[in-house]
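Below, each chain spelled out in residue letters.
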Amino acid sequence: MTKEIPIIMMRDIDYIYPNGTEALKKINLNIFKGELVGIMGKNGAGKTSLIRTLNGLIRPTKGSIYIETENASSKSIANLSEKVGIIFQNPYHQLFANSVEEEIKFSLKSFNLDKEEIQIRTDRILNQFDLEKYRTRSPLNLSGGESKKLATASIICRDPDIIIFDEPTLGQDAKEIEFFTNLIKNERNRRKTIIIITHNIEFAYEYLPRTILMADGQIIADGPTKEVLNNEFLITQTSLVLPQIQQFYLALLEQGFQETLDMMSKNEMTDYLRNLLKNSSSKV
Ligand SMILES: Nc1ncnc2c1ncn2[C@@H]1O[C@H](COP(=O)(O)OP(=O)(O)O)[C@@H](O)[C@H]1O
Ligand SMILES: [Mg+2]
């Protein structure tokens, strides 16, 4: 069997901002094509700095990055941005055209497509993101959720192989989060590699197979999400709180319930409790 080569390789990455802040320290990381990976950690841990190195917005002070086996240091931001699409936390930093439609067209401009093709792709993405009704509206006059959607659409329309979201669920309502999770499923079916920075532990627990924990510019854990996020020591170190299901499990364990040991999902836990209550009430 041939060994698969990671689509992203980071080797001993350091990054120091011009003001002297050491934002990244000795980062080593492999991410494989088609993976869905979460990055978590306190504010200031270095999460955003880490992803900014991937499309060349900042260049490592030390170490090397390989994207699809090519050394990123030899590539321009424009070049890297065709492979790595980043949707930033604040959509307004990313939106600047006069209308929603122009925003998408502008994003497609560097691809050298003819006018008709640009229009076709623009229409398709506006439809996919349910933004057609805002076609002529200024991006500045969209709601928070809608502007996040537009910022996402303006990256997705470029069809990058690696898609990175910085805090996508922040301030989103249930329907917007559902749209987002469907989008991820969709892109994953297309073998896209997806990285999501999030503070939302319940979201990570439910949707992300692998989680990287960062603290103070370093990676302090990297593994299956359920192992990383159920680890009380790691969670405390990063000022997170244990996932609700794990807190619940620990509380049950304290009461002497051992059977829940292997339960990882809310559904399993709900079924277990339903049966337990049914049995105990039939005994009365
Ligand atoms: N443009 C910048 N100039 C100087 N320091 C910065 C800049 N951006 C971030 N930092 C610092 O780098 C560290 C990591 O920040 P960041 O990568 O934004 O963390 P996170 O995304 O985990 O909150 C922090 O100490 C932060 O204050
Ligand atoms: Mg950040």
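A. Region of the structure containing the sheet that holds strand β10 (residues 218–224). Within the open sheet, the six strands sit side by side as β6-β7-β8-β3-β9-β10. Their pairing is mixed. For this open sheet the edge positions go to β6 (84–87) and β10, each flanked by a neighbour on one side alone. The sheet shows a mean angle of 15° between the axes of neighbouring strands, taken without regard to direction. Both strand β3 (residues 36–40) and strand β8 (residues 193–197) contribute to a ladder of four bridges, which runs parallel. Bridge pairing in β8 links Val37 to Ile195. Packed onto the sheet, helix α6 (residues 174–189) meets β3, β7 (162–166) and β8 and runs at close to 150° relative to β8.

B. Representation of the site of ligand 1. Every residue near ligand 1 is listed here: Tyr17, Asn19, Thr21, Ala23, Gly41, Asn43, Gly44, Ala45, Gly46, Lys47, Thr48 and Ser49. Considering each element in turn, the shell around ligand 1 owes the most residues, three residues, to helix α1 (residues 47–52).

C. View of the nonpolar core. The biggest cluster of nonpolar side chains holds 58 residues, and the ones touching the most others in it are Ile39, Ala153 and Ile164. Of all the elements, helix α5 (residues 144–156) adds the most residues to this core, at five residues. Residues contacting Ile39, with those up to four places away along its chain left out, are Lys47, Leu50, Ile195, Ile197, Ile212 and Met214.

Reading the values: the criteria
Residues numbered from 1 in each chain as written. Chains lettered and ligands numbered in written order. Predicted model: local features only at pLDDT ≥ 70, side-chain atom pairs only at ≥ 80, totals over all residues. Pairing = 2+ DSSP bridges. Helix = DSSP H or I, 4+ residues; strand = E, 2+ residues; numbered from the N terminus. Axes fitted to C-alpha atoms, helices over the stretch in contact; angles between N-to-C directions. Contact = placed C-beta atoms within 7 Å. Near = placed C-beta within 6 Å. Core = buried A, V, L, I, M, F, W, Y, C linked by C-beta atoms within 7 Å. Buried ≥ 20, exposed ≤ 12 C-beta atoms within 10 Å, placed from the backbone.

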